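Here are the chains, one letter per residue:
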Amino acid sequence: ETTQGSSNTTLSLKVQSAPWVFVDSIRVYVDGNLVQTIQPESNDTVKFDGDVALELTGGNHWVVVEAGTELENHIPGTNRGTFGVVYRNHTPIAITNPIFVEVSN
């Protein structure tokens, strides 16, 4: 399904996980390009709950959100707190399905 948007579209975003799953950052991509990096508000269950402003040009776009460890700092096998102990040599990263947005010219 494709949603209709405007050049100033708002993405309502809520990132949740167990308190023992550490989230370094939340990254928002539009058409494969990183447009915003959000630092989590806490390491409790709700990591982020708010709106993200997206500036889109006319046409079709796709938006993906990724949350977890900072990719620049990711080294396979790095212990990420309790998660790294329970799932040895794994680092949690979550990625949404694409959100398709059509913006009228």
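Notes on the structure follow. (Residues numbered from 1 in each chain as written. Predicted model: local features only at pLDDT ≥ 70, side-chain atom pairs only at ≥ 80, totals over all residues. Heavy atoms only, no water.)

### A look at the overall build of the protein
Move 1: For the protein, the helix and strand inventory stands at one helix and eight strands.
Move 2: What you see in the protein, going N to C, is helices and strands ordered as β-β-β-β-β-β-α-β-β.
Move 3: Here the protein holds 105 residues, and the buried ones make up 34% of them.
Move 4: Residue pairs in contact within the protein that sit at least 24 positions apart in sequence constitute 74% of those at least 6 positions apart. (Helix = DSSP H or I, 4+ residues; strand = E, 2+ residues; numbered from the N terminus. Buried < 20%, exposed > 50% of the residue type's maximum accessible area, 1.4 Å probe, protein only. Contact = heavy atoms within 4.5 Å.)

### Regarding the pattern of salt bridges
Move 1: Under the counting rule described, the total for this entry stands at one salt bridge.
Move 2: Its salt-bridge partner being Arg27, residue Glu66 comes within 2.8 Å of it at the nearest N-O pair. Here the residue Glu66 occupies a position in strand β6 (residues 59-68), and Arg27 occupies one in strand β3 (residues 25-30), the gap between them amounting to 39 residues.
Move 3: For Glu66, a relative accessible area of 10% translates into the label buried.
Move 4: The class of Arg27 is buried, set by a relative accessible area of 3%. (Salt bridge = Lys/Arg side-chain N within 4 Å of Asp/Glu carboxyl O.)

### Section: unusual backbone geometry
Move 1: A positive phi is found at Asp31, a non-glycine position, where the angle reads about 55 degrees.
Move 2: Counting through the fold element by element, Asp31 comes out in the loop between β3 and β4 (33-38).

### Structural notes on the pairing of β3
Move 1: Within β3, six of the six residues are buried, which leaves the element mostly enclosed by the surrounding structure.
Move 2: Burial of β3 is two-sided: the residues Ser25, Arg27 and Tyr29 facing one way and the residues Ile26, Val28 and Val30 facing the other way are all buried.
Move 3: Taken together, the five bridges between β3 and β4 define a ladder with antiparallel strand orientation. Paired with Arg27 across the strands is Thr37, a residue of β4.
Move 4: Counting the residues between successive antiparallel strands, the hairpin from β3 to β4 contains two residues, one of them, Asp31, with a positive phi of roughly 55 degrees. (Pairing = 2+ DSSP bridges.)

### A short note on the pairing of β6
Move 1: Among the ten residues of β6, seven are classified as buried, and the element is accordingly described as predominantly covered.
Move 2: As defined by bridge partners, β3 adjoins β6 across six bridges and the pair is classed as antiparallel. When the sheet's bridge partners are listed, Ile26 is paired in β6 with Ala67.
Move 3: Two strands pair when backbone bridges link them, and β6 and strand β7 (residues 93-95) are joined in this way by three bridges, in the antiparallel orientation. If you follow Glu66 over to β7, its bridge partner there is Ile95.

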